[in-house]
Amino acid sequence: ISIFVRHCFCTQTVSTHSITTMDNTLTIMAIKNCIGKTLLSVSRIQSYYNDKEDKESMGDLEFTFNDGLFLTLKGAGDAESIKAENTKGEIYESFQVTDHSVCSWRLLDLTSDVLWSRLIGQTLRSGEVEWYMDKGVEDRLTACILYFTSDFLIFYSDESDNNIFSVNVTLPFVDRET
């Protein structure tokens, strides 16, 4: 039972943000807390604009394990980093974007979805995080992989701050030098 940390290094500064090493450590600990537990349900927290689903971002992911522990995966809000928490996912309060546009969130149960139902009943065996290091910029976690009994899940945030995740699909190569 383990967490593997893959370090990636960059020699040029990409951006600045407020994610700290402590935030990264808390993310790793949140994932580690769930290792050895059996998955009971999966939900995603999806954003909507004027009641239409935001198709660019897949939202946050909320896992519930057999002992009632939660694991929520989400973007850290800096268009580069992810974080994990052992809390129930947050359904944010709706707000007015413009006079004619409203942003809202909904919790969508994925447990009975064909793809996601594969994970239900499996035990989280290990996790892997990609810890990205830029010269002159705070470290950040850019992706994680959760390895269950026979399947795996990848979660990352793209350059537009959209959360992306998939089951049994490998993480794309990202050349952060360009």
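The structure displayed is predicted, hence computed values, not measured ones. (Residues numbered from 1 in each chain as written. Predicted model: local features only at pLDDT ≥ 70, side-chain atom pairs only at ≥ 80, totals over all residues. Heavy atoms only, no water.)

Draft legend 1. Quick look at the pairing of strand E4 (residues 60-65). Here E4 lies mainly inside the structure; six of its six residues are buried. Alternating positions in E4 separate into two faces, Asp60, Glu62 and Thr64 on one and Leu61, Phe63 and Phe65 on the other, with burial throughout. Inspection of the sheet shows E4 paired to strand E5 (residues 70-75) by four bridges, in the antiparallel sense. Pairing of Phe63 across the sheet is with Leu71, part of E5. The hairpin turn running from E4 into E5, its antiparallel successor, is four residues long, and Gly68 in that turn takes a positive phi close to 90°. (Buried < 20%, exposed > 50% of the residue type's maximum accessible area, 1.4 Å probe, protein only. Helix = DSSP H or I, 4+ residues; strand = E, 2+ residues; numbered from the N terminus. Pairing = 2+ DSSP bridges.)

Draft legend 2. Representation of the pairing of strand E7 (residues 95-98) within the structure. Sheet topology places E7 next to strand E8 (residues 101-109); three bridges connect them, and they run antiparallel. Opposite Thr98, over in E8, you have Ser101 as the bridge partner. Where E7 folds back onto E8 in an antiparallel hairpin, the turn is made up of two residues.

Draft legend 3. Just unusual backbone geometry, in detail. Here the phi dihedral of Asn50 falls at roughly 50°; this positive angle occurs in a residue that is not glycine. If you trace the backbone, Asn50 turns up in the loop between strand E2 (39-49) and strand E3 (52-53). For Asn50, a relative accessible area of 39% corresponds to the partly exposed category. One non-glycine residue, Asn168, adopts positive backbone phi at about 60°. Within the secondary structure layout, Asn168 lies in the segment after strand E12 (163-167).

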